[in-house]
Amino acid sequence: MLAWMAWTWETAAFFGLIAAALMILTLLAIYRPETPRRGILRFPTTRGDRFFVTLLGSAFIYIIWMRFGGGDLWYPLAISIAFGIAMFRFA
Amino acid sequence: MMDKPWNNKAWFFILPVLALVLFSSVLPVMTVVNYSLQDSMGVNNFFWNGDAWFRDLLDPSTEIGARFADALLRTFAFSFAALAVEIPLGIAVALCLPRRGWAVGISLVVTALPMLIPWNVVGTMWQIFARQDIGLFGAALTGIGLPYNVTQDSVSAWVTIVVIDVWHWTPLVILLSYAGLRAIPDAYYQAARIDGASRWAVFVNIELPKLRKVLVIAVLLRFMQTFMIYTEPVVVTGGGPGSATTFLSIDLVKIAIGQVDVGSAAAMSLVYYIIILTACWIFFTIMTQLERRGDS
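Residues numbered from 1 in each chain as written. Chains lettered and ligands numbered in written order. Predicted model: local features only at pLDDT ≥ 70, side-chain atom pairs only at ≥ 80, totals over all residues.

S.K.: Can you lay out the overall build of chain B for me, pointing to particular residues and giving the numbers?
M.R.: Helices and strands together make up the secondary structure of chain B, namely 13 helices and two strands. By its C-alpha atoms, chain B is 75 × 65 × 35 Å across when sized along the principal axes. Within chain B, the fraction of its 296 residues that count as buried is 28%. (Helix = DSSP H or I, 4+ residues; strand = E, 2+ residues; numbered from the N terminus. Buried ≥ 20, exposed ≤ 12 C-beta atoms within 10 Å, placed from the backbone.)

As structure tokens, this is what we get:
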């Protein structure tokens with residue numbers, strides 16, 4: 001099964017991180033329940049919404065970076081992290 | 001903000017669905033991610049290829065990049081064209097349908113008929129229908145002197161594909177709009193009549209706002225289905241003439257199955273997936289916001 005799915009440690013780490021993040025969000029939802037709040041996105045968001053927007057936005061940051069011939073992938077990573085922090089703080 | 005407490009036990013009821021989705025969607029998507037970063041030689045022999053597939057795909061100066069950019073543009077153009085016809089037409093027809101009496105059932109069933117026909121059958125029907133020698137549609141257009149040829153003229157091919165989609169799926173918009181119209185209480189119309197509102201004013205100020213929720217659903221469903229259109233162009237035009245009707249899904253199948261270029265195809269399907277996911281999320285957010293506003 002693992003051979004069939006052509007796993008590499010990099011992709012396993014990627015999905016592992018997402019799974020861990022979902023687990024943390026679940027635990028937070030159980031032990032630190034929250035109410036949605038309205039931020040710069042103009043509609044109420046929860047932690048899960050902000051996490052989703054961060055991931056989706058990061059994908060587009062990488063796509064746009066590569067589309068316009070960007071070099072090293074550490075730059076879009078930095079932009080994505082900044083974007084994620086902004087989302088969690090202000091959205 | 002929260003009106004009623006959430007009972008999280010409900011999550012247990014969707015566990016079976018989650019398990020199913022895991023096998024039908026999540027694991028395949030993970031595999032596609034794995035493929036998109038590797039190059040394959042022979043059967044199940046993979047080499048790490050980093051971001052090279054994505055760089056090729058997103059760079060319009062490469063062969064695959066140019067193909068992808070063109071197909072993406074074509075797919076957006078097709079979705080836009082189909083929606084621009086289907087949504088206004090659907091609303092217009094829904095407004096004309098009878099509201100009471102024996103004709104309601106008949107007209108609804110007749111309206112819904114095209115939706116019951118499978119995609120490839122629709123394609124085959126239209127392929128014959130559009131032929132110049134034996135097809136009624138093609139022969140008629142040729143007869144009145146229009147330059148119509150699905151296999152050689154890209155405008156004809158485009159028009160045909162859009163007309164097929166309009167014919168096949170406007171009924172969905174009609175039925176949704178009709179349901180939305182029927183849900184408007186009579187009191188609104190009575191008030192409009194007392195105020196002496198024109199038919200247009202009734203449409204703009206009463207019917208259209210009340211239809212907003214069903215129209216969002218209609219636009220979402222039609223966008224998703226037109227954005228992944230595959231069968232009709234493959235059956236009717238084969239993606240041609242040239243590559244005039246080669247939409248993203250067709251190109252994807254050509255690369256993945258025709259050329260067995262798994263890495264490229266995986267990268268392409270992931271970018272495709274991200275676009276669809278974004279569209280879904282936007283529509284979902286609009287819909288939940290409309291619902292919340294409707295509650296308060």
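Once you've had a look at it, read on.
S.K.: Report on the packing of helix α4 (residues 63-96) of chain B against helix α8 (residues 154-182) of chain B, specifying residues and quantitative values.
M.R.: Axis angle and axis distance: for two packed helices, these are the angle between their axes and the distance between the axes, and together they describe the pair. All names here are of chain B. Interhelical geometry of α4 versus α8 gives an angle of 45° and a closest axis separation of 7 Å. Between α4 and α8, the interaxial angle falls into the category oblique. Viewed along their axes, α4 and α8 form a crossing whose handedness is right-handed. Between α4, through Ala 81, Ala 82, Val 85, Glu 86, Ile 87, Leu 89, Gly 90, Ile 91, Val 93 and Ala 94, and α8, the contact on the second element is made entirely by Val 162, Asp 165, Val 166, Trp 169, Thr 170, Val 173, Ile 174, Ser 177, Tyr 178 and Leu 181. Taken together, the residues of the contact of α4 with α8 break down into 15 nonpolar, three polar and two charged. (Axes fitted to C-alpha atoms, helices over the stretch in contact; angles between N-to-C directions. Parallel < 35°, antiparallel > 145°, perpendicular 65-115°, else oblique. Left-handed = near helix turned anticlockwise from the far one by under 90°. Contact = placed C-beta atoms within 7 Å. Nonpolar A, V, L, I, M, F, W, Y, C, P; charged D, E, K, R; others polar.)

S.K.: Kindly report on the domain arrangement of chain A, identifying the contributing residues and their values.
M.R.: A common way to state how big an interface is: give the accessible area lost once the parts meet. Taken domain by domain, chain A holds domain 1 (1-33) and domain 2 (36-91). For domain 1 of chain A versus domain 2 of chain A, the separation of C-alpha centres amounts to 19 Å. (Domains from an automatic or database assignment.)

S.K.: I'd like a description of the interface of chain B and chain A, backed by residues and values.
M.R.: With 24 residues of chain B at the interface, the matching set in chain A holds 18 residues. Only α2 (15-36), β2 (46-48), α3 (52-58) and α13 (262-295) of chain B provide two or more residues apiece to the side of chain B that touches chain A. A per-element tally of the side of chain B that touches chain A places α13 of chain B first, with seven residues. Tallied by class, residues from the side of chain B that touches chain A come to 14 nonpolar, seven polar and three charged.

S.K.: Give a description of the environment of Phe 60 of chain A that names residues and reports values.
M.R.: Residue and element names in this part refer to chain A. Take Phe 60: it is sitting in helix α2 (residues 47-67). For Phe 60, a count of 17 C-beta atoms within 10 Å translates into the label partly exposed. With 20 residues separating them in the primary sequence, Phe 60 and Ser 80 have C-alpha atoms 9.3 Å apart.

S.K.: Tell me about helix α10 (residues 199-227) of chain B, and please be specific about residues and values.
M.R.: Residue and element names in this part refer to chain B. Compared with an ideal rise of 1.5 Å per residue, which puts 29 residues at 42 Å, α10 spans 35 Å between its outermost C-alpha atoms and falls more than 12% short. In the structure, α10 departs most strongly from a straight axis at Arg 212, where the bend amounts to approximately 55°. Of the residues making up α10, those classed as buried are Glu 207, Leu 211, Val 214, Ala 218, Arg 222, Thr 226 and Phe 227. (Expected span 1.5 Å × (residues − 1). Bend = angle between axes of the 7 residues up to and from the residue.)

S.K.: Before we move on, can you summarise the environment of Ser 177 of chain B with the specific residues and values?
M.R.: Residues and elements named next belong to chain B. If you trace the backbone, Ser 177 turns up in helix α8. On the basis of neighbour count, Ser 177 is assigned to the buried category, with 23 C-beta atoms found within 10 Å. For the pair formed by Ser 177 and Val 219, sequence separation is 42 residues and the distance between their alpha carbons is 11 Å. Once residues within four sequence positions are removed from consideration, Ser 177 is found in contact with Gly 90, Ile 91, Ala 94, Leu 211 and Val 214.

S.K.: Requested: an account of the confidence of the model for chain A, with residues and values cited.
M.R.: Summary statistics for chain A give a mean pLDDT of 86 and a share of 98% for residues scoring 70 or more. The lowest-confidence element of chain A is strand β1 (residues 37-38) of chain A, averaging 82 in pLDDT; the highest-confidence one is α2 of chain A, averaging 91. (pLDDT = per-residue confidence, 0-100.)

S.K.: Go over the packing of helix α1 (residues 9-31) of chain A against α2 of chain A with me, naming the residues and quoting the values.
M.R.: All names here are of chain A. Relative orientation of the contacting elements α1 and α2 amounts to 160°, with a least axis distance of 10 Å. The orientation of α1 with respect to α2, classified from their angle, is roughly antiparallel. The crossing of α1 and α2 is right-handed. Side by side, α1 and α2 meet where Ala 21, Leu 25 and Leu 28 of the first sit next to Arg 47, Gly 48 and Phe 51 of the second. Residue classes in the contact of α1 with α2 are distributed as four nonpolar, one polar and one charged.

S.K.: Outline the nonpolar core, listing residues and values.
M.R.: Leu 57, Ala 266, Ala 267 and Met 268 of chain B are the most contacted members of the largest nonpolar core, which totals 39 residues. For this core, the secondary structure elements donating two or more residues are α2 of chain A together with α2, α3, α4, α6 (119-129), α8, α12 (248-258) and α13 of chain B. When residues of this core are assigned to their parent elements, the largest contribution, eight residues, is made by α13 of chain B. Excluding residues that lie within four positions of it along the chain, Met 268 of chain B makes contacts with Leu 57, Phe 68, Leu 252 and Ile 255 of chain B. Core analysis: the second largest hydrophobic core is formed by 12 residues, Trp 169, Leu 172, Leu 176 and Val 214 of chain B among them. (Core = buried A, V, L, I, M, F, W, Y, C linked by C-beta atoms within 7 Å.)

S.K.: Quick rundown of helix α9 (residues 186-195) of chain B? Include the residues and the values.
M.R.: Think of an α-helix as 3.6 residues a turn; residues three or four steps apart then line up on the same face. Little of α9 of chain B is tucked away: zero of the 10 residues are buried. Backbone geometry just downstream of α9 of chain B places Gly 196 of chain B in the positive-phi region, at approximately 70°.

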